[in-house]
Amino acid sequence: MQVEQQEALQARIAQLEKRLKSAESQCQATTKEIWQMEVDLARMEERAQEAEEKVRQAQASPVPQAVNPVALELQFQKAQNALEESQQSLELALEERQVAEEARRIAEDALLLAENDKRQALQQHRDVAETVRQLQTQLESAHDLLEHAQEAPVSSDQLEAAAHELKRAMERVEVAEKQCQIAQQGRVIAEQQMGDIQAQLEAAEVELNHTRAELKGSQEELRTALAQLRVDGEGQSSENQRMRDEIRQLRGELEDARRAAAGTGELARLQDNLQLQQEKSALLQQRLDQLQQRLELSEEKSSLFQQKAAEAEAKLASIHSRGGAAEDEVKSLRDRLERMESRVRDADKIYEVSEQQIREAEQKQQESWQRVRDAEMRANQAMVENKKLADKLGEIEKRAQESDRETQRLAFQDPLTGLPNINLIGQYLEFTVKQCVRYRRVAALLVIDIDRFKVFNEAMGMKAGDELLAKVAERLQQAIRETDSLGRKGEDEFIILLSELNVGDHNHPEARRKAINQHVEVVANRVMQMMGPPFTVQGQKFYLHVSIGIAICPDDGETPQTLLENGDTAMYHVKETGRNRHQFYTSDLRQRQEKRLTLDMQLRSALERGEFEVKYHPVISLAKGKGTLVGVEALLRWNHRIDGTVGPDYFLPAAEESGMIIPIGQWVLSQTCTQMREWLGFGLRIFASINLSKRQMLQADLVECISRELSQNGIPPEVLYVEIAEGFNTYNPEMMDQVINRLGAAGIRIAIDDFGVGYSSLSKINLNYTRVLKIDRSIIEGCPTDRQSSTVCIAAINLASSLGLLSLAEGVENANQVKFLAKYGCALAQGYYFSEPITPNEITNIHRSKKSWKI
């Protein structure tokens, strides 16, 4: 509120300054008008002197006898009236000048009063400034106290002292506000006085304008009268000249008459005429006398006019002197106004400084109060925070205890299955091994690995893999006793510890070992039976198998680490030899395991060094009584640096397990497509087939890779066959069916490999894109001597024919087998009877030589 009043006071002072400036400009305009009036009066005085000179000339000139006294009287009457009106106007101007001088004296008194009020206001502002400085000192001390209170612990006594100091500062601020209000009232009074002065100056200006207008009217009338006097004087001169001419003419006639009367004797007649002329002369003399009288009257009036003109000149001189005095007064008034204006500006500066200091003091006071409130709030918040910290500390301690328990649990428990992890099962195993060694007891360690779990995990995703592991853990828990221990070793590996094996008393070591193996085989077979039913994961059914490696304590190891390593060795041997069974550890398995690890490393380096080679096994058509080349099967060989040429049975299981089958299969596909492009260039159009493993079938971009290779080499898709083992359908029929459909949609044909040795149902085989049914060599090798093999072979040939497929017999070794197959309608055959797997150049030679085989 105080700030608003101060702003209003400043606005009023600005208005007062504007009015003072306007009054000064009006005074300057009045001075200019007075000077203009003096000039006009001087001109009027000159014209009056000219008129007086003309009157004197008229009096000095001979008075004509024929002057018109009426016209002259009218002219003097007009001049007299004009002089009277000018005199009245001058008297009014003098009266108005007196009024203006009185208004100036009043304005000067008001300005003096305003100056006194301004001095009082300045003194009040000085007092306010001193008060503000004291308040600033106190507020700074309060600020220091608050800063010290913020840094140090805040006490109630210090807060009360600070509040008391602030209260005293507030009281002094109120006193300063009252002083500012008093100064504001003084300024309001000064403003009112200046307004009165402005009103008086405006009234004087109006009166001066009115006087100026009247003076202008009088000047115009004087100009008109003088012009009329000039015109009348000129007319009177012409009339006097005419009268002089008539008098001269009359005198001349009189002389002529006298001369004529003397000469002719007509004296009597002339005397009569002379008498008449004398009478006329008498009349004229009378008129001249009257005119002389009127001239005397006009001289009197002219003297009166001269007196009045002198009086007007005197009045004009007095007006001139008073105008100079008024100009001096205006100048002094202007100087006073300038001094007052400078003082007002100084007062405004002091007032602005005081106002700024007051605002700063108020701001610091508000900041001080805010800091006091902040200090109190911080003290309360500190208490609340301390309580919260105490509560949080309790919660943290509680959570720490829970975290310790959870950490301890996670350190010894698998989070996915809830089973003991390798750390806890390792402790169980260490305790069991010590008991077995000390008390000659027997324990068994079963290392269980899920077959092809990596393939499943890559195909279905991590979430489905975790779900499958949890279900496998549940079934394994059902397969063991309560006294046995089950734990999870790694991603897809589990451990079963059989710690209490009661095998009876056997003195012979072989009998004792046999009893132990029989007891452990019961548990292993139960585990494999539990894995038999399909697992339902994400709405799909999957069949899983496990490989189990068994190590006996203390026969196969007297430390936990040795038992684990030996169990792993037995388990990996199971994987290498067909999976889905169990294996006891023997000393020979260690060497095989080391050889397998070496094989994994050699496979990786073999692909980089180009040690692999693709050979092609010819496929012969048995139609038309002779065998002709119609296709080839691509077979991989490894030119080992030490062992020489190695077949796929030696290294493909290891490549399948390690995942190297994917890059190796891609290399085989590339080599086959490149070779087929060359054969097509030679005019050799035959089909080629490649084998796919389960791991390759689950490859996400399998179809894209095959299509890309065919497209890059310009090979029609229908000349490439993909061989898929019959047993693949038992793993996941739905997934295999999707892969076959995608391959067939890309134009690639399917060949069912190893038909007749699996347990798959024919209803599960996708026949939409299948073109070849390959009868397994185990059936062909018994034909035609073995009746059962022959019957199965004939049934397979008939089945393929009824399904619209081409039958292809594998492993044909002799001519009897060829004749048997041709007799019962087998379409295609391959085996060592026709040719072993050969190089691409040898296939080209067969084509060029047009070789055929006798059926």
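Whatever comes next refers back to the structure up there.
Predicted, not measured: the structure shown is a model, and the values here were computed from it. (Residues numbered from 1 in each chain as written. Predicted model: local features only at pLDDT ≥ 70, side-chain atom pairs only at ≥ 80, totals over all residues. Heavy atoms only, no water.)

### Comments concerning the overall build of the protein chain
Short version of the rule: For helices the rule is a DSSP run of H or I covering at least 4 residues; for strands it is a run of E covering at least 2, with both sets numbered from the N terminus onward. Exposure categories follow from relative accessible area, calculated using a 1.4 Å probe and restricted to protein chains: below 20% of the type maximum is buried, above 50% is exposed, and the middle band is partly exposed. Only heavy atoms matter for contacts: two residues are in contact if any of them lie within 4.5 Å across the pair. Exposure was quantified through the Shrake-Rupley algorithm and a 1.4 Å probe, taking into account, for residues, occlusion by the shown protein chains and nothing else.
What the protein chain contains, in helices and strands, is 19 helices and 17 strands. The 855 residues of the protein chain split such that 42% are buried. Put simply, of all contacts in the protein chain between residues at least 6 apart along the chain, 75% involve residues at least 24 apart. Accessible surface, the protein chain: about 46,000 Å² in total, of which carbon and sulfur atoms supply 50%.

### Observations regarding the nonpolar core
Put simply, the test is: We call a set of buried residues a nonpolar core when its members are Ala, Val, Leu, Ile, Met, Phe, Trp, Tyr or Cys and they connect through side-chain atoms within 4.5 Å of each other.
Residues L603, C793, L821 and I843 are the most contacted members of the largest nonpolar core, which totals 70 residues. Examining the composition of this core, we find that 7 residues originate from one element, helix α12 (residues 661-682), more than from any other. Not counting residues up to four positions away in its chain, the partners in contact with C793 are I775, I779, I780, C783, F820 and L821. In this structure, A444, V520, V546 and M735 belong to the second largest nonpolar core, which totals 41 residues.

### Digging into the environment of A634
Considering the arrangement of structural elements, one finds A634 in strand β9 (residues 626-640). Considering only alpha carbons, one finds A634 and E613, 21 residues apart in sequence, at a separation of 10.0 Å. Contacts of A634, omitting those with residues within four sequence positions, involve V614, K615, Y616, T672, S689, I690 and N691.

### Quick notes on the pairing of strand β11 (residues 687-691)
Heads up, the condition is: Paired strands are those between which DSSP finds at least two bridges.
In terms of burial, β11 is a largely internal element, 4 of the 5 residues being buried. Here β9 runs beside β11; their pairing, made up of 3 bridges, is parallel. When the bridges of β11 are listed, V632 appears paired with A688. Pairing of β11 with strand β12 (residues 720-725), which is carried by 4 bridges, proceeds in the parallel orientation. Of the residues in β12, the one forming a bridge with A688 is L720.

### Considerations on helix α9 (residues 560-576)
A turn of α-helix holds 3.6 residues, and therefore any two residues three or four places apart point the same way. For clarity, the cut-off: Helix span, as expected, comes to 1.5 Å for every residue beyond the first.
The first and last C-alpha atoms of α9 sit 25 Å apart over 17 residues, in line with the 24 Å expected at 1.5 Å per residue. The complete set of buried residues in α9 reads L563, L564, N566, G567, D568, T569, A570, M571, H573, V574 and K575. Downstream of α9 by one or two residues, G578 has phi in the positive range, about 125 degrees.

### Comments concerning unusual backbone geometry
Here C553 and P554 are connected by a cis peptide whose omega angle stands at 10 degrees. As for its position among the elements, P554 is in the loop between β6 (546-553) and α9. In this structure, P784 follows C783 across a cis peptide bond, with omega equal to -5 degrees. By the secondary structure assignment, P784 is in the loop between α16 (777-780) and α17 (787-802). Positioned with a positive phi, N580 is a non-glycine residue whose angle comes to about 55 degrees. With respect to the secondary-structure elements, N580 resides in the loop between α9 and β7 (582-584). Positioned with a positive phi, K850 is a non-glycine residue whose angle comes to about 55 degrees. By the secondary structure assignment, K850 is in the loop between α19 (840-849) and β17 (853-854).

### Thoughts on the packing of helix α5 (residues 422-439) against α9
What counts, and what does not: Every angle, taken between N-to-C directions, lies between 0 and 180 degrees, and every axis is a line fitted to C-alpha atoms, over only the stretch in contact when it is a helix. By the definition adopted for this analysis, an angle is roughly parallel if under 35 degrees, roughly antiparallel if over 145, roughly perpendicular if from 65 to 115, and oblique otherwise. For this classification, Asp, Glu, Lys and Arg are treated as charged, while Ala, Val, Leu, Ile, Met, Phe, Trp, Tyr, Cys and Pro are nonpolar and the rest, including Gly, are polar.
The contact between α5 and α9 brings their axes to 9 Å, and the two run at 110 degrees. With respect to α9, the element α5 is oriented roughly perpendicular. On the side of α5, the interface is formed by I422, L429, E430 and V433, while α9 contributes P560, L563 and L564. Within the contact of α5 with α9, the residues separate by chemical class into 6 nonpolar, no polar and 1 charged.

### Notes on the pairing of strand β2 (residues 485-488)
Covered by surrounding structure in β2 are S485 and G487 together with L486 and R488, the residues of both alternating faces. Of the pairings in the sheet, the one linking β2 to strand β3 (residues 493-498) comprises 4 bridges and is antiparallel in character. Along β3, the bridge assignment pairs R488 with F494. Two successive antiparallel strands, β2 and β3, enclose a turn made up of 4 residues.

### Considerations on the packing of aromatic side chains
The following threshold applies: Centres within 6.5 Å are what make two rings of Phe, Tyr or Trp a pair, Trp counting through its six-membered ring; a difference in plane orientation under 30 degrees is then read as stacked, over 60 as edge-to-face, and the rest as tilted. Sitting over a ring, as applied to charges here, requires NZ of Lys or CZ of Arg to be within 6 Å of the ring centre and within 35 degrees of the ring normal.
In this structure the tally under the stated criterion is 11 aromatic pairs. Ring geometry for F687 versus Y721: centroids 4.9 Å apart, planes at 55 degrees, classification tilted. Taken together, the residues F687 in strand β11 and Y721 in strand β12 connect sequence positions 34 residues apart. For Y721, a relative accessible area of 12% gives the class buried. Taken together through their ring pairs, the aromatic side chains of F612, W638, F651 and W667 make up a single cluster. The residue whose ring lies beneath R475 is F535, and the NZ or CZ to ring-centre distance is 3.6 Å. We note R848 situated over the ring of F682; from NZ or CZ to the ring centre the distance is 5.1 Å.

### Concerning the pattern of salt bridges
Put simply, the rule is: The term salt bridge refers to a side-chain nitrogen of Lys or Arg lying within 4 Å of a carboxyl oxygen of Asp or Glu.
Across all of its chains, the model carries 16 salt bridges by this definition. Between D568 and K489 there is a salt bridge, with the nearest N and O atoms lying 2.4 Å from each other. Of the two residues, D568 is situated in helix α9 and K489 in the loop between β2 and β3; the sequence distance between them amounts to 79 residues. Look at D568 and you get buried, because its relative accessible area is 16%.

### Overview of the state of the cysteines
Keep this limit in mind: In this description, a disulfide is simply a cysteine sulfur pair whose atoms lie within 2.5 Å.
Scanning all chains against the criterion turns up 0 disulfides. There is no disulfide at C436, and the cysteine sulfur nearest it, in C553, is 4.3 Å away. The class for C436 is buried, based on a relative accessible area of 2%.

### Quick look at the side chain of T770
Residue position: T770 is located in strand β14 (residues 770-775). On the basis of relative accessible area, T770 is assigned to the buried category, the value being 1%.

### Some points on the packing of helix α7 (residues 462-479) against helix α8 (residues 509-530)
Short version of the rule: Should the near helix be turned counterclockwise from the far one by less than a right angle, the crossing is left-handed, whereas a clockwise turn marks it as right-handed.
Taken N-terminus to C-terminus, the directions of α7 and α8 make an angle of 145 degrees; their axes are 9 Å apart at the nearest point. Crossing of α7 against α8: the hand is right-handed. Across from R475, L476, Q478 and A479 in α7, the residues of α8 making contact are R526, V527 and M530. A class-by-class count of the residues in the contact of α7 with α8 yields 4 nonpolar, 1 polar and 2 charged.

### Re helix α6 (residues 453-460)
Here α6 has its buried residues at F453, V455, F456, N457 and M460. Looking one or two residues past α6, G461 carries a phi angle of roughly 105 degrees, positive in sign.

### Details of the sheet that holds β3
Each strand in a sheet pairs with another by means of backbone hydrogen bonds, the pair being arranged parallel or else antiparallel. Read across the sheet, 5 strands follow the order β2-β3-β1-β6-β7 without closing on themselves; strand pairing throughout is mixed. A single partner strand is all that each edge strand has here, and the edge strands are β2 and β7. Here the strands of the sheet are splayed against their neighbours by 20 degrees on average, with no regard to which way each runs. Judged from the 8 bridges that link them, strand β1 (residues 443-450) and β6 form a sheet pairing that is antiparallel. Within the sheet, the bridge partner assigned to A443 lies in β6 and is C553.

So far we have only geometry, and geometry alone does not tell us how the molecule works.
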